[in-house]
Amino acid sequence: MSVEDGGVPGLGRPRKARWTLMLLLSTAMYGAHAPLLALCHVDGRVPFRPSSAVLLTELTKLLLCALSLLVGWQAWPQGTPPWRQAAPFALSALLYGANNNLVIYLQRYMDPSTYQVLSNLKIGSTALFYCLCLQHRLSARQGLALLLLMAAGASCYAAGGLQDPGTTLPGPPSAAATSPMPLHITPLGLLLLILYCLISGLSSVYTELLMKRQRLPLALQNLFLYSFGVLLNLGLHAGGGPGPGLLEGFSGWMALVVLSQALNGLLMSAVMKHGSSITRLFVVSCSLVVNAVLSAALLRLQLTAAFFLATLLIGLAVRLYYGSR
């Protein structure tokens, strides 16, 4: 398995085991994100500002990177640190920041189900930029695997991979049941969604290209990236108008969300440097299975046949892309 295929060449058995463990941990943390956020709700609402969670997550990443360099977990480069190589990471931080904010604005112009289905187009945009920027050609088998990956996410969300058991209980129908939100998307919403998918693919591939071209320790590259990320999100938080304070409404569950997302960000940066953006797509898609299982266990949501179909499609996609040819 080569780097272009999403793996790491020449891995011995111990390193291959560590790489597999890292991918499994990242998949688990991606999948746990939404259920953990649901556990943070108070009276059905998020008690903190979303910008606070994003800012604290970026700050935690930055501190962990600085700590790894200070204690020698990763070697500091010889001589004066090449700070001029930090500048390109400003674009990465800007692209990621734009993407995170687009996710919020998109909800105004379409229903959640439509967003979840159509946002799977970012798999295609990532593959497109991956081929154009890294000059790697996907085989027909790999292309089919990515199509199956898109179909897995679309089928699960479109058909309702999870169902709230409360909707099946007898009694008077709720307001949500009597007037459900219709499937819809406005022309502006469609335009913003296309922009979101393009930025998502570009940000992932650009960051991968940057990390692989620079001969710098990963921790130092992350230090550059998250420094810009903290500055950007600090500005967004400060300019967001009045609201709860930075730590107001936080709980133990929220601290776990911030820590898990920070660790997951560091794991994903290792995937980008030593693996590929395509591997990241498979991690995110496989996290759908973890998300559904945790939602069923913690939030009492019922798995439907669509979930099992999506799981089958994801497994087939992994086998097609990474299996022996």
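Below you will find a few notes about this structure. All of these numbers come straight from a predicted model, not from anything done at the bench.

Now for the overall build of the protein. In terms of helices and strands, the protein carries 12 helices and two strands. Counting only residues that meet the buried cut, the protein has 42% of its 325 residues in that class. Across the protein, the fraction of contacts at a sequence separation of at least 24, relative to all contacts at a separation of at least 6, is 88%.

A few words on a nonpolar patch on the surface. A surface patch of nonpolar side chains, amounting to about 310 Å² of accessible area, comprises Ile185, Leu190, Ile194 and Leu198. The exposure class of Ile185 is partly exposed, given its relative accessible area of 33%.

Turning our attention to the pattern of salt bridges. One pass over the structure, following the stated rule, counts two salt bridges. A salt bridge links Glu208 to Lys212, with the nearest nitrogen and oxygen atoms 2.6 Å apart. With Glu208 and Lys212 both in helix α8 (residues 187–213) and four residues apart, the pair spans about one turn of that helix.

So, on to the packing of aromatic side chains. All chains considered together, the criterion is met by five aromatic pairs. An aromatic cluster is built from Phe282, Tyr321 and Tyr322, whose rings are joined through pairwise contacts.

The N-to-C vectors of helix α11 (residues 277–299) and helix α12 (residues 305–322) enclose an angle of 155°; their axes lie 10 Å apart at closest approach. As far as their axial angle goes, α12 and α11 are roughly antiparallel. Note on packing geometry: the crossing formed by α11 with α12 is left-handed. Across the interface between the two elements, Ile278, Thr279, Phe282, Ser285, Cys286, Leu288, Val289, Ala292 and Val293 from α11 touch Phe307, Ala310, Thr311, Ile314, Ala317, Val318, Tyr321 and Tyr322 from α12.

Conventions we followed
Residues numbered from 1 in each chain as written. Predicted model: local features only at pLDDT ≥ 70, side-chain atom pairs only at ≥ 80, totals over all residues. Heavy atoms only, no water. Helix = DSSP H or I, 4+ residues; strand = E, 2+ residues; numbered from the N terminus. Buried < 20%, exposed > 50% of the residue type's maximum accessible area, 1.4 Å probe, protein only. Contact = heavy atoms within 4.5 Å. Patch = residues over 30% accessible without salt bridge, like charges linked within 9 Å, V, L, I, M, F, W, Y side chains within 5 Å. Areas by Shrake-Rupley, 256 points an atom, 1.4 Å probe, with all protein chains shown as cover. Salt bridge = Lys/Arg side-chain N within 4 Å of Asp/Glu carboxyl O. Phe/Tyr/Trp six-rings, centres within 6.5 Å; stacked < 30°, edge-to-face > 60°. Axes fitted to C-alpha atoms, helices over the stretch in contact; angles between N-to-C directions. Parallel < 35°, antiparallel > 145°, perpendicular 65-115°, else oblique. Left-handed = near helix turned anticlockwise from the far one by under 90°.

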